[in-house]
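# Survey of secondary and tertiary structure
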Amino acid sequence: MNLAALIVTSDPALADGLLRLAAAADAHAEVAYGADEARPAWTWPALILVGADAAGDVAAAGLQRRPGVVLVTGDGATSDAYRLAVEAGAQDVAALPDHEDWLVNAFAAACEPEGGWATTLCVVGARGGAGASVLAAALGVASANQGLRTLLVDADPFGGGVDLMLGLEEHEGVRWHDLAERRGRLSTATLRETLPRAGDLSVLSWRRGEPAPVSGEAVGSLFDAAARGFDLVVVDVPRYPGDVGRAALRTADRTLLLVPAEVRATVAADGLATALRRDTADLRLVVQGPAPGGLTPDAVVTALGLPSAGTFDRDRRLPAATDEGTLDRACRRGPLADFCAAVLDDLALQPSAYQEAAA
């Protein structure tokens, strides 16, 4: 395991307290009991925590100035603490116990190599049964099959669960219920290791039964971790998005509005598009055929005035595959697979630096 943080202090109580916070963030930290002991590893970890008791020793040792150094004191952020921070080359001061949450977040951030942010793609259906969940799952499968680390998020607590379509409902792992009251920064490594997963596709869905309300802080923490830890995040958003769906739409790089080539669905999509534009910046239209009344995709695009992301025809194999939990196999070929490949080509995704380091 890579060293995320170095703690420099000769105070056993302070060292134990900071190691406890590191453990809460799943961060590997070690203690150096003085500047000389810290010197060999001084440039390695992303985070250096210098106890106030060791600040003078660090300052006198002439260690290289570097970012990521924090002075930790138990006496509050006093003027004397800031003076010690300047002398020791620290950029921040953290006072215990007041700043424990901040330190846990700092430990969690230190675990993760710097890299790019995931692309977030939301999928919304113009009417019930349009197939938005199937499209979202198919995009997730296609992305994972390209070797991209992909997270499929179910934002619909009453949708029945995207994990069922992929045969992952019996897999152990974290669901929204387990994250409902999450506070503070969420480690991307922890998220990837605890979610139900098939290859490079991780899935976050809901437990059976009445869904637990998810706090706004937990939702924000989840999407922040997802953006840092995956290449593509695909979110299945219901027409009435709720807090989870709205948060996803606001972070989305692109939102796809799936509209069956039907007059009624097109009319419904017109009102829904107006609502979606309040939360998402890049809204594009996907038309699904065939049209029972002869309505063409071009006519739907013209009526709605949205940029087109493409069209595809329904695949008769998919309803049975969703019931059997074999959608991942069924959507590897056919019109939906071709459409998903075109969307991913347009996004031009590349594995992030984080993923390369984690591999």
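What you are looking at is a predicted structure, and each value in this text was computed from that prediction instead of being measured.

### Focus on the sheet that holds strand β13 (residues 308–313)
- Taken in spatial order, the 8 strands line up as β8-β9-β7-β10-β6-β11-β12-β13 in an open sheet, and their pairing is mixed. Only two strands of the sheet have a single partner each, and these edge strands are β8 (197–198) and β13.
- Here strand β11 (residues 254–260) runs beside strand β12 (residues 283–289); their pairing, made up of 6 bridges, is parallel. Paired with T255 across the two strands is L283, which belongs to β12.
- Most of the contacts of helix α11 (residues 242–251) go to strand β6 (residues 119–125), to which it runs at about 130°, and overall it touches β6, β10 (232–237) and β11.
- Helix α16 (residues 335–347) contacts β6, β10, β11, β12 and β13 of the sheet and is inclined by roughly 165° relative to β13.

### Thoughts on the sheet that holds strand β2 (residues 29–32)
- The sheet built from 5 strands is open, its strands ordered β2-β1-β3-β4-β5 with parallel pairing. The open sheet terminates on both sides in strands that have one partner only, identified here as β2 and β5 (92–95). On average, each strand axis in the sheet is tilted by 25° relative to the strand beside it, whichever way the strands run.
- Direction of pairing for strand β1 (residues 5–8) relative to strand β3 (residues 47–51): parallel, over a ladder of 4 bridges.

### Describing the confidence of the model for the protein
- Scored by pLDDT, the protein comes out at a mean of 89, with 95% of its residues at no less than 70.
- Looking over the protein, one finds the lowest element-wise mean pLDDT in helix α17 (residues 353–358), namely 44, and the highest in β11, namely 97.
- Here residues 353–359 is modelled with pLDDT under 50, and outside its nearest four sequence neighbours on either side it reaches 18 contacts, counting other chains as well.

### Observations concerning the pairing of β13
- As defined by bridge partners, β12 adjoins β13 across 5 bridges and the pair is classed as parallel. Looking across to β13, one finds that V287 is bridged to T311.
- Read from β12 through helix α13 (residues 297–304) to β13, the crossover connection turns out right-handed.

### Brief notes about the pattern of salt bridges
- Within this structure, the stated rule accounts for 16 salt bridges.
- Between R83 and E87 there is a salt bridge; the shortest N-O distance is 2.9 Å. You can see R83 and its partner E87 sitting in helix α4 (residues 79–88), 4 residues apart, about one turn around the helix.
- On the basis of relative accessibility, which here comes to 41%, the residue R83 falls in the partly exposed class.
- With relative accessibility at 35%, the residue E87 sits in the partly exposed group.
- Residue R284 is joined to D282 by a salt bridge in which the shortest nitrogen-to-oxygen separation is 3.0 Å.
- By relative accessible area, which is 21% here, R284 ends up partly exposed.
- Taken together, the salt bridges that share partners define one network made up of R254, D282, R284 and D346.

### Description of the environment of V234
- Structurally, V234 can be placed in strand β10.
- C-alpha separation for the pair V234 and L135, spaced 99 residues apart in sequence, amounts to 9.8 Å.
- When near neighbours in sequence (up to four residues on either side) are disregarded, V234 contacts L121, V123, A136, L139, G140, T150, L151, L152 and V153.

### With respect to the side chain of D315
- Structurally, D315 is set in the loop between β13 and α14 (318–324).
- D315 gets classed as buried once you look at its relative accessible area, which sits at 13%.
- Looking at D315, its side chain comes within polar contact range of the side chain of R317, at 2.6 Å.
- Once residues lying within four places of it in the same chain are set aside, the contact partners of D315 are R333, G334 and P335.

About the thresholds
- Residues numbered from 1 in each chain as written.
- Predicted model: local features only at pLDDT ≥ 70, side-chain atom pairs only at ≥ 80, totals over all residues.
- Heavy atoms only, no water.
- Pairing = 2+ DSSP bridges.
- Helix = DSSP H or I, 4+ residues; strand = E, 2+ residues; numbered from the N terminus.
- Contact = heavy atoms within 4.5 Å.
- Axes fitted to C-alpha atoms, helices over the stretch in contact; angles between N-to-C directions.
- pLDDT = per-residue confidence, 0-100.
- Right-handed = clockwise from strand over helix to strand, strands pointing away.
- Salt bridge = Lys/Arg side-chain N within 4 Å of Asp/Glu carboxyl O.
- Buried < 20%, exposed > 50% of the residue type's maximum accessible area, 1.4 Å probe, protein only.
- Polar contact = N/O pair within 3.5 Å; in protein donor to acceptor, adjacent residues only side chain to side chain.

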